[in-house]
Amino acid sequence: MARPSAAIRIALRRAGALCYRQRPVIIECSSCHSKYQYDEARFEGKASKKIKCAKCQTVFEIHNTPTPAKGDSTASRSHTKSEATHIGRPKRVEEQTAQSEIPSDSRSTDRLASELSLPVGKRMSLAIIDGPDSGLVYRIEKPRTTIGRAGADLTIDDGEASRLHAVLEIRDTLYLLSDLGSTNGTLIDGQKILEPTEIASHSEFQVGATTMMLIVTDEG
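These numbers were taken from a predicted model, which means no experiment stands behind them.

Caption draft 1: View of the environment of Asp 218. Looking at where Asp 218 falls in the secondary structure, it is placed in strand 18 (residues 210-218). Between the C-alpha atom of Asp 218 and that of Met 124, which follows or precedes it by 94 residues, the distance is 8.8 Å. Beyond its immediate sequence surroundings of up to four residues, Asp 218 is in contact with Gly 121, Lys 122 and Arg 123. At a separation of 2.6 Å, a polar atom in the side chain of Asp 218 contacts the side chain of Lys 122.

This is the structure in structure tokens:
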């Protein structure tokens, strides 16, 4: 077989180097150590990026470590592997593909980590707009309110509701509704919620056969 010309050999070397540079970058959350694939081109020439972990919501910083050339020494490759971002083969289980980029000038505060507290100057209520207790309005007096058929803060006369069915947690201006493992589930727009879900004033949700609305008004 004829030996490739010098021009062809150079083109092949460049193609090989390009493929090497485009191997997936693997990043790791500094808190829960979940791993993700990250496109190296998304650094856009910047030295670092801030990323929000899709699993634990921790914001952490990753650094754009230069990719070693194919002919670099083993020591150089070992040094690159120890950086915050490194080149590696995709994992099968623990890696996820979704990440949220956080602008470098944005605040890294996480509202989900804030303490439970009622908003200052606001009046909060749960109004029952459909079901056996239709017309009842419950004044929310504490930042964590359980809802259910028995032993709950807001007790409803609903045979389709579980004893402790759902809970509303208030973190200042963040209102989170969660199901407490109920038999029939807690629904928003006809869909069962599987994790804490943010709602707003005048949002409607269903507990058993009861439909409720969160109402937030200025304190008079």
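Caption draft 2: Spotlight on the sheet that holds strand 9 (residues 137-139). Pairing is antiparallel in the open sheet, where six strands are placed in the order 9-8-18-17-14-15. At either margin of the open sheet sits one strand with a lone partner, and together these are strand 9 and strand 15 (191-192). As paired strands, strand 14 (residues 186-188) and strand 15 are joined by two bridges and run antiparallel to one another. The partner of Leu 187 across the bridge, within strand 15, is Lys 192.

Caption draft 3: Geometry of the sheet that holds strand 13 (residues 174-179). Read from one edge to the other, the open sheet built from five strands follows the order 11-10-12-13-16, with strand pairing classed as mixed. Every interior strand has two partners, whereas the edge strands, strand 11 (154-155) and strand 16 (197-199), have only one. In this sheet, strand 12 (residues 166-171) lies alongside strand 10 (residues 144-148) in antiparallel orientation, the contact comprising four bridges. The residue of strand 12 that forms the bridge with Arg 144 is Glu 169.

Caption draft 4: Highlighting the side chain of Thr 210. Within the element layout of this structure, Thr 210 appears in strand 18. Taking relative accessible area as the criterion, Thr 210 reaches 0% and is therefore assigned buried. Within the local environment of Thr 210, its side chain forms a polar contact with the side chain of Asp 158, the two groups lying 2.7 Å apart. Setting aside its immediate chain neighbours within four residues, Thr 210 contacts Ile 128, Asp 130, Gly 131, Pro 132, Ile 156, Asp 158 and Phe 205.

What counts and what doesn't
Residues numbered from 1 in each chain as written. Predicted model: local features only at pLDDT ≥ 70, side-chain atom pairs only at ≥ 80, totals over all residues. Heavy atoms only, no water. Helix = DSSP H or I, 4+ residues; strand = E, 2+ residues; numbered from the N terminus. Contact = heavy atoms within 4.5 Å. Polar contact = N/O pair within 3.5 Å; in protein donor to acceptor, adjacent residues only side chain to side chain. Pairing = 2+ DSSP bridges. Buried < 20%, exposed > 50% of the residue type's maximum accessible area, 1.4 Å probe, protein only.

By themselves, these figures tell us nothing about what the structure is for.
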